[in-house]
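Summary of the model geometry
Here is what each chain is made of, one letter per residue.
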Amino acid sequence: MGSSYKTEHYIEIESENNSTDISTGQMTAYHAQHILLAMPPRLVTHSIAFEPALPIDLAKQWQQTPTWMAPHAKYVAVYETPFWREKGLSGSARSGVGPLTEIHDASALYGEGALFGFFGIPTHVRQSVSATGLKAHCRAQLVRLFGEAAAAPTAEYIKDWATDIFTATPADANGDGQHAVAPATMPETGVWQDCLIGSASEWSVAFPGYIAGAIDAATVAVTRLPETIKPR
């Protein structure tokens, strides 16, 4: 959690965790003339207290913008070799049987092999099954697709963004995983009008939610900075 205070001469930002040790729980204050919000709009409204408050319409718009990765989860299985290639298989698959709906070869150029897949089951279903159980279902699905060698990964991981406090909020629990329309990037009225710009992927008009969107939104945000504070 953090806070931003707008004064006549500067913006004071208070962060609950400092940059050197995020487990300290101490408050660290920064002074700035402009803020680039490199986090999803919904997470901004959930995690930052603005004083004075943001314009009501803008805050509502940001709060209603889903975070693309918030309802998603991935499974990764690591193997000694990319054995599926020996069978002439690409490692890519679309599946409607099992927890993974989209699977790809995630192997390095040399050495170990890896397969990863996006879960196609909703957040509440994933959270009703243990991590051990989910991994077992994923391995079984990979065996059906790529053969018995898939049953014995050397390591396996699940990353569920729905449980990540730096990605998801309670409002994302029932998200449909669709890309949202980009909201306004900055206030048009009020004291925050000329000193606050959204620069995360969800603010990209062209590629909301994607990595390309993060680059696009950040590039646009920097071009909108006042000339007096742009990098030279």
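Rules used throughout
Residues numbered from 1 in each chain as written. Predicted model: local features only at pLDDT ≥ 70, side-chain atom pairs only at ≥ 80, totals over all residues. Heavy atoms only, no water. Helix = DSSP H or I, 4+ residues; strand = E, 2+ residues; numbered from the N terminus. Buried < 20%, exposed > 50% of the residue type's maximum accessible area, 1.4 Å probe, protein only. Contact = heavy atoms within 4.5 Å. Areas by Shrake-Rupley, 256 points an atom, 1.4 Å probe, with all protein chains shown as cover. Pairing = 2+ DSSP bridges. Expected span 1.5 Å × (residues − 1). Arc of directions from axis to C-beta.

**Here we look at the overall build of the protein chain**
On a plain count of helices and strands, the protein chain comes out with 5 helices and 11 strands. Across the 232 residues that make up the protein chain, the buried fraction comes to 39%. The long-range fraction of contacts in the protein chain, counting pairs at least 24 apart against all pairs at least 6 apart in sequence, stands at 60%. Summed over its atoms, the accessible surface of the protein chain is roughly 13100 Å², and 57% of this surface lies on carbon and sulfur atoms.

**Side note on the sheet that holds strand 8 (residues 100-105)**
Spatially, 5 strands are ordered 7-8-9-6-10 in an open sheet, and the strand pairing comes out antiparallel. Each end of this open sheet is capped by a strand with a single partner; those strands are strand 7 (93-94) and strand 10 (155-160). In this structure, strand 6 (residues 73-79) lies alongside strand 9 (residues 113-119), joined through 6 bridges in antiparallel fashion. Across the sheet, Tyr75 pairs through a bridge with Gly117, a residue of strand 9.

**Some details on the side chain of Thr67**
Here Thr67 shows up in the loop between helix 2 (56-63) and strand 6. Setting aside residues no more than four positions away along its own chain, Thr67 makes contact with Pro40, Arg42, Thr167, Asp172 and Glu202.

**With respect to unusual backbone geometry**
For the bond running from Glu51 to Pro52, omega is -5°, close enough to zero to count as cis. Its location among the elements puts Pro52 in the loop between strand 5 (48-51) and helix 2.

**What about helix 5 (residues 211-223)?**
Between its first and last C-alpha atoms helix 5 spans 19 Å; for 13 residues at 1.5 Å apiece the expected length is 18 Å, and the two agree. Among the residues making up helix 5, those that are buried are Gly213, Ala217 and Ala221. Considered in projection along helix 5, the buried side chains sweep an arc of 65° and stay on one side of the axis. The exposed set on the far side of helix 5, more than 90 degrees from its buried face, consists of Ile211 and Ile215. Check the buried side of helix 5 and you find it contacts strand 4 (35-37) and strand 11 (196-198).

This is a description of form; function is not addressed.
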